[in-house]
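# Commentary on secondary and tertiary structure
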Amino acid sequence: MPFLTLQLPNATAPTSFRMAPTKPVSVLLEQIKEEDPEVKHVAMYDMPLDGTEKRESFRWARSTASKYILQLALKRGGFVVEIDGQRLPVAIPTFEERVAPFVTDLETVERDLAPLAAKKSELDQKAHKSSVRMGWLGLFALCSQFGLMWRLTFFEYSWDVMEPISYFLGAGTGILGYMFYVLTSKEYTYETLAQVTVTKHQARGYKRARFDYPAYLALKEKADTLAHKIEMLRQEYVAVEVAGLMAPDLDTSPVGREPLTDPPKI
């Protein structure tokens, strides 16, 4: 919820007002009058543009929702509050100003994270290769088992001898699959087995290389948090077209008076 801080003419200290985005600006203007009973006239104006597009600002209608004023103020750099003829420019920081500390922190975190990420990528590749080798080894073992059973069935013994052996091999495979579920709480599939194998090799590789995995996770989480904050601020500054925005009640007096020494900010 944004707050507007103003130095009222008859107040000894700055006064903060809450700007409800969905309520009309007349609510804020009336609050200013209530806070300083001697104030007779309060209005809100658009911030004039600089450079080649410089023009006089227009007055916002009292029925305008505060969110539209804030949306346009983000692009203009602020708005102007007029109290009994005195115009107070309200500065709103730009996107670059607001994200500057987050960007600095993110760059620092990324510098610390880069060597850890490179080391982790190297260890993960080794773990993946080890898992692939284990997969090929498993395939070789199954093929060898099939060949051995075929040899014993048709050449060395007979099916009457090999049938119970085949049964116990199948039952043993089922027991191993159920044991895998009990130990890992995951269904026994080839994909799950590959994932577990990779994870085991990763943990072993991290320990062997003395890789500080908790520190990597902490930096990664911090970087993601900072990036999320920057993106959230970016969404606030997305250009919003105010369709049909006209100024039927245009104030013709130029905003040329001396601003306050310390312009109020939201």
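Here we summarise the structure given alongside this text. Values in this document were obtained by computation on a predicted structure and should not be read as measured data. (Residues numbered from 1 in each chain as written. Predicted model: local features only at pLDDT ≥ 70, side-chain atom pairs only at ≥ 80, totals over all residues. Heavy atoms only, no water.)

### A short note on the packing of helix α3 (residues 95-156) against helix α6 (residues 213-236)
Between α3 and α6, the least distance of the axes is 9 Å, while the angle of their chain directions is 150°. In this view, α3 runs roughly antiparallel relative to α6, as classed from their interaxial angle. The hand of the α3/α6 crossing is left-handed. Taken together, the residues of the contact of α3 with α6 sort by class into 17 nonpolar, no polar and 9 charged. (Axes fitted to C-alpha atoms, helices over the stretch in contact; angles between N-to-C directions. Helix = DSSP H or I, 4+ residues; strand = E, 2+ residues; numbered from the N terminus. Parallel < 35°, antiparallel > 145°, perpendicular 65-115°, else oblique. Left-handed = near helix turned anticlockwise from the far one by under 90°. Nonpolar A, V, L, I, M, F, W, Y, C, P; charged D, E, K, R; others polar.)

### Here we look at unusual backbone geometry
Look at D84: it is not a glycine, yet its phi comes out positive at around 50°. Relative to the elements of secondary structure, D84 occurs in the loop between β4 (78-83) and β5 (86-91). Positive phi, normally seen in glycine, also occurs at R210, with a value near 55°. If you trace the backbone, R210 turns up in the loop between α5 (190-209) and α6.

### Regarding the sheet that holds β4
In space, the 3 strands of this open sheet follow the order β3-β4-β5, with antiparallel pairing throughout. Sheet topology places β3 (42-46) and β5 at the edges, where each strand pairs with a single neighbour. Across the sheet, the axes of successive neighbouring strands diverge by a mean angle of 25°, strand direction being ignored. In this fold helix α1 (residues 25-35) packs onto β3 and β4, with an angle of close to 135° to the strand it touches most, β3. (Pairing = 2+ DSSP bridges. Contact = heavy atoms within 4.5 Å.)

### Considering the packing of aromatic side chains
Under the criterion given, the structure shown has 9 aromatic pairs. Ring plane angle 20° and centroid distance 5.2 Å describe the contact between Y206 and Y213, whose orientation is recorded as stacked. Y213 sits in the partly exposed class, given a relative accessible area of 31%. One aromatic cluster is present, formed by Y206, F211, Y213 and Y216 through successive ring pairs. Its guanidinium or amino end placed over the ring of Y45, R87 lies 4.0 Å from that ring's centre, counting from NZ or CZ. Here the guanidinium or amino end of R151 rests over the ring plane of F155, the centre of that ring lying 4.8 Å away. (Phe/Tyr/Trp six-rings, centres within 6.5 Å; stacked < 30°, edge-to-face > 60°. Buried < 20%, exposed > 50% of the residue type's maximum accessible area, 1.4 Å probe, protein only. Lys NZ or Arg CZ within 6 Å of the ring centre and 35° of its normal.)

### Some thoughts on a nonpolar patch on the surface
Among the surface-exposed residues, I175, L176, Y178, M179, Y181, V182 and L183 lie close enough to one another that they form a single nonpolar patch of about 810 Å² accessible area. Topologically, V182 is positioned in helix α4 (residues 159-184). (Patch = residues over 30% accessible without salt bridge, like charges linked within 9 Å, V, L, I, M, F, W, Y side chains within 5 Å. Areas by Shrake-Rupley, 256 points an atom, 1.4 Å probe, with all protein chains shown as cover. Salt bridge = Lys/Arg side-chain N within 4 Å of Asp/Glu carboxyl O.)

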